[in-house]
Every structure is written in C-alpha cells, then in structure tokens.
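Tertiary structure, described
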Amino acid sequence: MRILLVEDDETLADALYRAFVQSAYAVDLVANGDQADKALTIHTYDLVVLDIGLPGLSGFDIVRRLRARKSRVPVLILTALDALSDRVRGLDLGADDYLTKPFDLPELEARVRALLRRGHGNSSPDLVHGKLRLDTAGRRLYHDNQPIELSARELAVFELLLMKEGRVVSKEQMVNHLYGWGDDVGPNAMEVYVYRVRKKLETYGCRIRTIRGMGYLLEHDDSPAD
C-alpha cells in the first residue's frame, strides 16, 4: 500500500520512512504542508501520516482541503500537540486517527494497519482466499496454517489483488499503490511479479487472470475455507 508521510523533523521522518518501507509499504516523504497538499491533488494514496506543525500549510489546513475535495483517504495525525482541543479539532476536520508524540512504533504500525484495512473495507487483520490466509499484521501468507514464502514485493502484489478480489487491477494501479516517487520501476515489473505470485500460488487453487489491455483479476474462490 502507498503512504504519504508528512513530517518536517528529519530524524523522525527518516526513522518512520525506514520502518514503513521495511513493512513493504511504498512511501512518499514530504517536509512541508504545501508539498503535501500538492501531492494529494496529484497522486492516489492509501493512507496519509500527517504532522500538524509544518512549514507552509498546517496539518489542519491539509485535512480541511483534502476533505473539501471529497477525498476519503484515511488520515492519521501524528503530532506533539496533545491538548484535548487539538485532538477534537483534528478529528472534527476529518482525520481518522490522532496519535501524539512521543509514541511507541509498534502502536503506530498497528494503527496504520487498522486504517489501511478500514480504507479497503476490511475489519479483520486476516485476508482470506479459500484456504489461503494473509496475516496483514505479521506480513505472512499461510495455507492451512502452513507458511508460504513470498518476497515482500510479491506479498504486496497479492495483498492488493486480494483486497480487490473479483475486480480488475490495472498495471497503473499496481504501480501507484506499490511504488513511491524514488522507486525505479522497470517496464515489465508488474508482469514479472504477477507471474511469480501466480506460479507460487496456483497449486493452492489461486487463479489470477490476465485481462488483455486492462490488467489482472484475482477470481473469487467459492471453495470452503476450512
């Protein structure tokens, strides 16, 4: 999934960027409010992690403008402002969650996972396809509780297809969700990753169809999960 991280503290921004990338998220990092607002008008994100005290537009301004454009992207405010009035203001403007600094990284990561699931209409930490189970918290895929080895990028590709099961996902959508600005994306990258995922999972009844000129489709699995 693709995250916009808006943080002007270089040390914290670098630490969060590394943590999110290690969890196989695509991350775009900006350090001021004007850059963040511009990025949100151009690109599609699955989540925004947003500081309030920023150069240029404040985090409050960004949320206000984002919701005025009818965007429904989840927003997690991450700030040192811990007054009740600030929390109420942020949530009333349209933020989905509010976490104050200092914070524990595992809690932030759990909140990020919860908002990403909610943004895609899922409440459970597990995504299920037949007898396949993707543990989004542990970042592991299982078949009948036996782990299946996928690379971080392969897992991200399958997670995106699984979240949009029964719907066609274009190559452009895959690139937009799985890669950040600085990532080097080869012209055949998506074909390669989908091929690898298909080959590894086809023996488990997973059917990924190529829809010519449109993209890829993970077919609904009607077999029982147990």
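Everything numeric here is computed off the predicted structure, so don't read it as measured data.

Our next topic: the overall build of the protein. Counting secondary structure elements, the protein contains eight helices and 12 strands. Over its C-alpha trace the protein gives a radius of gyration of 18 Å, about what one expects of a compact globule, namely 17 Å for 226 residues. Along the first, second and third principal axes, the C-alpha atoms of the protein reach 55 × 35 × 30 Å. Going through the 226 residues of the protein one by one, you find that 46% of them count as buried. Relative to all contacts within the protein whose residues are 6 or more apart in sequence, the contacts with residues 24 or more apart total 57%. Element-wise, carbon and sulfur atoms account for 48% of the exposed surface of the protein, whose accessible area totals about 11400 Å². Here the protein holds 31 positive side-chain charges and 35 negative ones, and the gap between their average locations is 5 Å.

The strand order 10-12-11 describes an open sheet built from three strands, whose pairing is antiparallel. The two strands at the open ends of the sheet, each matched to only one other strand, are strand 10 (168–169) and strand 11 (208–211). With two bridges joining them, strand 10 and strand 12 (residues 215–218) adopt antiparallel strand pairing. In the strand pairing of strand 12, V169 is matched with Y216. Along the sheet face, helix 8 (residues 189–201) touches strand 11 and strand 12 and points at about 150° away from the line of strand 11.

This paragraph deals with the nonpolar core. As a rule of thumb, soluble globular proteins bury nonpolar side chains together. Grouped together as the largest cluster of nonpolar side chains are 44 residues, with contacts concentrated most on F20, V112, L141, F158 and M174. For F158, the residues in contact, after removing those within four places along its chain, are L132, L141, V197, L201, C206 and L218. One finds I52, L57, I77 and Y98 within the second-largest nonpolar core, a separate group that totals 21 residues.

Across all of its chains, the model carries one aromatic pair by this definition. Measuring from centroid to centroid gives 6.3 Å for F20 and Y25, while their planes differ by 70°, and the two rings are edge-to-face. Overall, the relative accessible area of 1% leaves F20 in the buried class. The exposure class of Y25 is buried, given its relative accessible area of 10%.

With that settled, consider the pairing of strand 2 (residues 26–30). Taken across its five residues, strand 2 has four buried, putting it largely inside the fold. Both strand 1 (residues 2–6) and strand 2 contribute to a ladder of five bridges, which runs parallel. Note on strand 2: the bridge partner recorded for L4 is D28. After leaving strand 1, the chain enters helix 1 (residues 10–22) and then returns to the sheet as strand 2, a path that is right-handed.

Turning next to the side chain of H177. When you line up the elements, H177 lands in helix 7 (residues 171–178). The exposure class of H177 is buried, given its relative accessible area of 9%. A polar contact of 2.8 Å, which involves the side chain of H177, links it to the side chain of D46. If near-sequence neighbours (up to four positions away) are discounted, H177 is found in contact with M1, R2, A26, D46, L160 and K164.

Another aspect to go through is unusual backbone geometry. At the junction of K101 and P102, the peptide bond is cis and its omega measures out at -5° in the coordinates. Inspection of the secondary structure puts P102 in the loop between strand 5 (97–100) and helix 5 (105–119). Of note in this structure, K70 is not a glycine but carries a positive phi near 65°. Assignment of secondary structure puts K70 in the loop between helix 3 (59–68) and strand 4 (75–79). Judged by its relative accessible area of 69%, K70 falls in the exposed class.

Parameters at a glance
Residues numbered from 1 in each chain as written. Predicted model: local features only at pLDDT ≥ 70, side-chain atom pairs only at ≥ 80, totals over all residues. Heavy atoms only, no water. Helix = DSSP H or I, 4+ residues; strand = E, 2+ residues; numbered from the N terminus. Rg over C-alpha atoms; globule rule 2.2 N^0.38 Å. Buried < 20%, exposed > 50% of the residue type's maximum accessible area, 1.4 Å probe, protein only. Contact = heavy atoms within 4.5 Å. Areas by Shrake-Rupley, 256 points an atom, 1.4 Å probe, with all protein chains shown as cover. Lys, Arg positive; Asp, Glu negative; His and termini not counted. Charge placed at Lys NZ, Arg CZ, Asp CG, Glu CD. Pairing = 2+ DSSP bridges. Axes fitted to C-alpha atoms, helices over the stretch in contact; angles between N-to-C directions. Core = buried A, V, L, I, M, F, W, Y, C linked by side-chain atoms within 4.5 Å. Phe/Tyr/Trp six-rings, centres within 6.5 Å; stacked < 30°, edge-to-face > 60°. Right-handed = clockwise from strand over helix to strand, strands pointing away. Polar contact = N/O pair within 3.5 Å; in protein donor to acceptor, adjacent residues only side chain to side chain.

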